[in-house]
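Residue-level structure breakdown
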Amino acid sequence: MPVSYYTPTRVVFGKDAISELKTELKLQNATKVLLHTGGSSAKKSGLLDKVISILDESNIAHVELPGVKANPRLSLVREGIALGKKEGVNFIIALGGGSVIDSSKAIGYGLKYDGDVWDFYSGKAKPVASVGVGVVLTISAAGSEMSDSSVITNDEDGWLKRGCNSDVCRAKFAIMDPTYTFTLPPYQSSCGTVDIIMHTLERFFHSGYGISLTDNLAAALIKTVMVSGKKVLENPEDYEARASIMWASSISHNGLMQVGNENRGDWSCHQIEHELSGMFDVAHGAGLSVVFPAWARYIYKAHAERFAKLGNLVFGLEGDNEKVALETIEKFEEFFSSINMPVHLSEMNITLDEKTMEKLLDKLTNNNTRTLGIFHNLKREDMKKIYEIAQ
């Protein structure tokens, strides 16, 4: 099947990019805005007040909905839908990172839908419309500012974490100022680095035909993020490094890294991690840094050539395919550890006993009704082995 590439999001990138917010809102004919935020950081930094000031200057009414957490909750999405319908909201500003953006997209779906918004995440329905969403980005990680994806955790029924992909939710604009990420805690910066790398790797591991240019772009992105990820830990206000990471977060997940490939990629690691973060509320990037090496170690012998190519492009490794493939996995583990990310579940104080394991697997397989993976298909017993390797 061919892969489509669609990026309608207008990007305003650089220092003081927020100065263009007024123009962008006018282009969207925004008259009443839902201003959706996470914790208190936007308020403390003064960015929230700046956005409110711009809304006031533009004579655009607004209502606020704070409180988005990592692994954004369905309960808050439903609260936002009720608030938006009550207040007659016709545009949403997501002020934050991936969790805030994903929550905003879900609210956007719900404001144009008469049923339960979870229908879109459970697969019962497909969205056909959304209230427009604009982004003021403060965390470089998820790439949701330019993607067609939204992931929500159902905290009201089983803590299932599910995604919905649709072009109708793509952000109308993204205000991207790297200086807004200067104050990110080191842990969040490292989680973002892993998330960006994994969005790229999920697409690198596709089935069938691909083109060398896309492989080379993927490798360049990964190498840049690795270098920049270490730099921001040493100097949080390194503008060039922050800018590189911020732009990488967008292009790693806006579809560019899959053009020329036979499909959108494997995505097993993301699915396996979703159940971990849904059940244990761990940071998505930290969960991915544990899952990827375990998944790779489990399957690499069946795909040694592809892993070896990755190792050659990213690390300059050469030699026997199987040997280089294993060295490649070890290099990624070493990098994750070097930026203080876990590579085993035990480092996050997670132990999977038999009962917990079976519960995870029931969720992951939708009670034995689905398998995972395009690059390497995984059945329930395979998923269990990967969780065991990850411990």
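Report follows, based on the coordinates. (Residues numbered from 1 in each chain as written. Predicted model: local features only at pLDDT ≥ 70, side-chain atom pairs only at ≥ 80, totals over all residues. Heavy atoms only, no water.)

1. Thoughts on the overall build of the protein chain
- Along its length, the protein chain carries 15 helices and 8 strands.
- In terms of overall size, the protein chain behaves like a compact globule, its C-alpha atoms giving a radius of gyration of 20 Å where 391 residues would be expected to give roughly 21 Å.
- Counting the 391 residues in the protein chain, one finds 57% classified as buried.
- For the protein chain, long-range pairs separated by at least 24 residues make up 77% of all intrachain contacts whose partners lie at least 6 apart in sequence.
- Taken as a whole, the protein chain presents about 15900 Å² of accessible surface, with 50% of it coming from carbon and sulfur.
- A distance of 3 Å separates the average location of the 41 positive side-chain charges in the protein chain from that of its 48 negative side-chain charges. (Helix = DSSP H or I, 4+ residues; strand = E, 2+ residues; numbered from the N terminus. Rg over C-alpha atoms; globule rule 2.2 N^0.38 Å. Buried < 20%, exposed > 50% of the residue type's maximum accessible area, 1.4 Å probe, protein only. Contact = heavy atoms within 4.5 Å. Areas by Shrake-Rupley, 256 points an atom, 1.4 Å probe, with all protein chains shown as cover. Lys, Arg positive; Asp, Glu negative; His and termini not counted. Charge placed at Lys NZ, Arg CZ, Asp CG, Glu CD.)

2. Here we look at helix α3 (residues 47-57)
- Buried within α3 we find Leu47, Leu48, Val51, Ile52, Ile54 and Leu55. Taken around the axis of α3, the buried residues stretch over an arc of 160°, which confines them to a single face.
- Contacts from the buried residues of α3 go to α1 (21-27), β2 (32-37), α2 (41-45), β3 (61-65), β4 (91-96) and β5 (133-137).
- Trailing α3 by a residue or two, asparagine 59 shows a phi angle of about 60°, which is positive. (Arc of directions from axis to C-beta.)

3. Points about the environment of leucine 276
- If you trace the backbone, leucine 276 turns up in helix α10 (residues 268-280).
- Excluding its chain neighbours within four sequence positions, the residues that come into contact with leucine 276 are Asp281, Val282, Val291, Leu345, Leu360 and Tyr387.

4. Remarks on the sheet that holds β2
- The 6 strands lie next to each other as β1-β8-β5-β4-β2-β3, forming an open sheet whose pairing is parallel. The open sheet has two edge strands with one neighbour each: β1 (10-13) and β3. Ignoring strand direction, the axes of neighbouring strands in this sheet form an average angle of 15°.
- Relative to β4, β2 runs parallel, the two being bridged by 5 bridges. Bridging across to β4, valine 33 finds its partner in phenylalanine 91.
- Sheet contacts for helix α4 (residues 74-87): β2 and β3; angle to β3, the most-contacted strand, approximately 160°.
- In the packing of helix α9 (residues 239-251) onto the sheet, contacts are made with β1, β5 and β8 (173-176), and the angle to β1 comes to roughly 175°. (Pairing = 2+ DSSP bridges. Axes fitted to C-alpha atoms, helices over the stretch in contact; angles between N-to-C directions.)

5. Describing the pairing of strand β7 (residues 160-165)
- As paired elements, strand β6 (residues 149-154) and β7 share 6 bridges and run antiparallel to each other. Bridging across to β7, serine 150 finds its partner in cysteine 164.

6. A word on the nonpolar core
- With 62 residues, the main nonpolar core has Leu201, Phe205, Phe292, Trp295, Phe307, Phe332 and Tyr387 as its most contacted residues.
- Top element by residues in this core is helix α11 (residues 284-299). It accounts for 9 residues.
- In this structure, Val133, Leu137, Ala174 and Met176 belong to the second largest nonpolar core, which totals 32 residues. (Core = buried A, V, L, I, M, F, W, Y, C linked by side-chain atoms within 4.5 Å.)

7. Examining α9
- For α9, which comprises 13 residues, the first-to-last C-alpha distance of 18 Å matches the rise-based estimate of 18 Å (1.5 Å per residue) to within 8%.
- The element α9 is extensively covered by neighbouring structure, given that 10 of its 13 residues are classed as buried.
- Every buried residue belonging to α9 is among Ala241, Arg242, Ala243, Ser244, Ile245, Met246, Ala248, Ser249, Ser250 and Ile251, and all of these are buried.
- Where α9 is buried, its residues meet β1, β5, β8, α7 (186-204) and α8 (212-234).
- Between the side-chain oxygen at the start of α9 and the backbone nitrogen of glutamate 240 there is a gap of 3.3 Å, and the oxygen is on aspartate 238. (Expected span 1.5 Å × (residues − 1). Polar contact = N/O pair within 3.5 Å; in protein donor to acceptor, adjacent residues only side chain to side chain.)

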